[in-house]
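Geometric and topological summary
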Amino acid sequence: MSSVSTLAARHRIGLNRVGRPFLVTTGRRIADGLPPDVDDIVVMLDAHCTFTRHVGEDLDIYWGAYLGTADEILVAGPLAEVAQEIVETRRAARERKGWIMDTYLLRRRDPVAG
């Protein structure tokens, strides 16, 4: 099972919403902005916590590290509320283990659903 599938399963969410596409990309590719035509963006290979550049946007984040292992860590919520928690959790986990592998989903909030 891939880390992307595991991320969705552990957070009990789908990777996309009905009839909408999702994108799998890297932190580098979202550094200057999120694609305007995709509401669900899975990010891998983001050593610089690029999600913090998007805190002012109306996004939720579903983050996971060491997915599928005994050391698994999960954080989810409105990006503006949990971004700093993820940064700190990520730093501590990397310090403790000497490495980190994390993946996250940024999801634009549906203006109809709220």
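Preceding block: the structure.
All of the points below concern the structure found in this document.

Criteria and thresholds
- Residues numbered from 1 in each chain as written.
- Predicted model: local features only at pLDDT ≥ 70, side-chain atom pairs only at ≥ 80, totals over all residues.
- Heavy atoms only, no water.
- Helix = DSSP H or I, 4+ residues; strand = E, 2+ residues; numbered from the N terminus.
- Buried < 20%, exposed > 50% of the residue type's maximum accessible area, 1.4 Å probe, protein only.
- Contact = heavy atoms within 4.5 Å.
- Polar contact = N/O pair within 3.5 Å; in protein donor to acceptor, adjacent residues only side chain to side chain.
- Core = buried A, V, L, I, M, F, W, Y, C linked by side-chain atoms within 4.5 Å.
- Pairing = 2+ DSSP bridges.
- Axes fitted to C-alpha atoms, helices over the stretch in contact; angles between N-to-C directions.
- Phe/Tyr/Trp six-rings, centres within 6.5 Å; stacked < 30°, edge-to-face > 60°.

1. Topic: the environment of V55
If you trace the backbone, V55 turns up in the loop between β2 (40–44) and β3 (59–65). Note on V55: relative accessible area 28%, which makes it partly exposed. Taking C-alpha positions, V55 is 4.9 Å from A80, a pair spaced 25 residues apart along the chain. Ignoring sequence-local partners within four residues, the contact set of V55 consists of L79, A80 and A83.

2. Side note on the side chain of D102
Mapped onto the secondary structure, D102 falls in strand β5 (residues 102–108). Take D102: its relative accessible area is 7%, and that puts it in the buried class. At a separation of 2.9 Å, a polar atom in the side chain of D102 contacts the side chain of W63. A polar contact is formed between the side chain of D102 and the side chain of R90, at a distance of 2.8 Å. Each residue touching D102, except ones within four places of it in the same chain, is listed here: M44, L45, W63, G64, A65 and R90.

3. A word on the nonpolar core
Core analysis: the biggest nonpolar cluster contains 22 residues, and F51, I61, W63, Y104 and L106 have the highest contact counts within it. Listed by contribution, the elements that provide at least two residues to this core are β2, β3, β4 (73–78), α2 (79–97) and β5. When residues in this core are grouped by element, the largest group, five residues, is from α2. Those residues in contact with W63 that sit more than four places away from it in its chain are L7, H11, I73, L74, V75, I86, T89, R90, I100, D102, T103 and Y104.

4. What to know about unusual backbone geometry
Here L45, not a glycine, exhibits a phi torsion of approximately 55°, which is positive. Looking at the element boundaries, L45 is found in the loop between β2 and β3. Although it is not a glycine, Y66 sits at a positive phi angle of roughly 50°. Inspection of the secondary structure puts Y66 in the loop between β3 and β4.

5. A closer look at the sheet that holds β2
In a beta sheet, neighbouring strands pair by backbone hydrogen bonds and run either parallel or antiparallel. Taken together, the five strands give an open sheet; going across it, the order is β1-β2-β5-β3-β4, and neighbouring strands pair in mixed fashion. The sheet is open, and its two edges are formed by β1 (22–26) and β4, each paired on a single side. Taking the axes of each pair of neighbouring strands and ignoring which way they run, one obtains an average angle of 15° across the sheet. Pairing geometry for β1 and β2, over five bridges, is parallel.

6. A closer look at the environment of I41
Tracing the sequence through the fold places I41 in strand β2. Taking the C-alpha atoms as reference points, I41 and H54, separated by 13 residues in sequence, lie 12 Å from one another. Among residues more than four places away in sequence, those in contact with I41 are L23, T25, I30, L34, P35, Y104, L105, L106 and R108.

7. Some points on the packing of aromatic side chains
Tallied over the entire structure, the rule returns two aromatic pairs. Ring centres of F51 and Y104 lie 5.2 Å apart, and the angle between their planes is 80°; this geometry places the pair in the edge-to-face category. On the criterion of sequence distance, the pair formed by F51 in the loop between β2 and β3 and Y104 in strand β5 is long-range, its members being 53 residues apart. Here Y104 falls in the buried class, since its relative accessible area comes to 2%.

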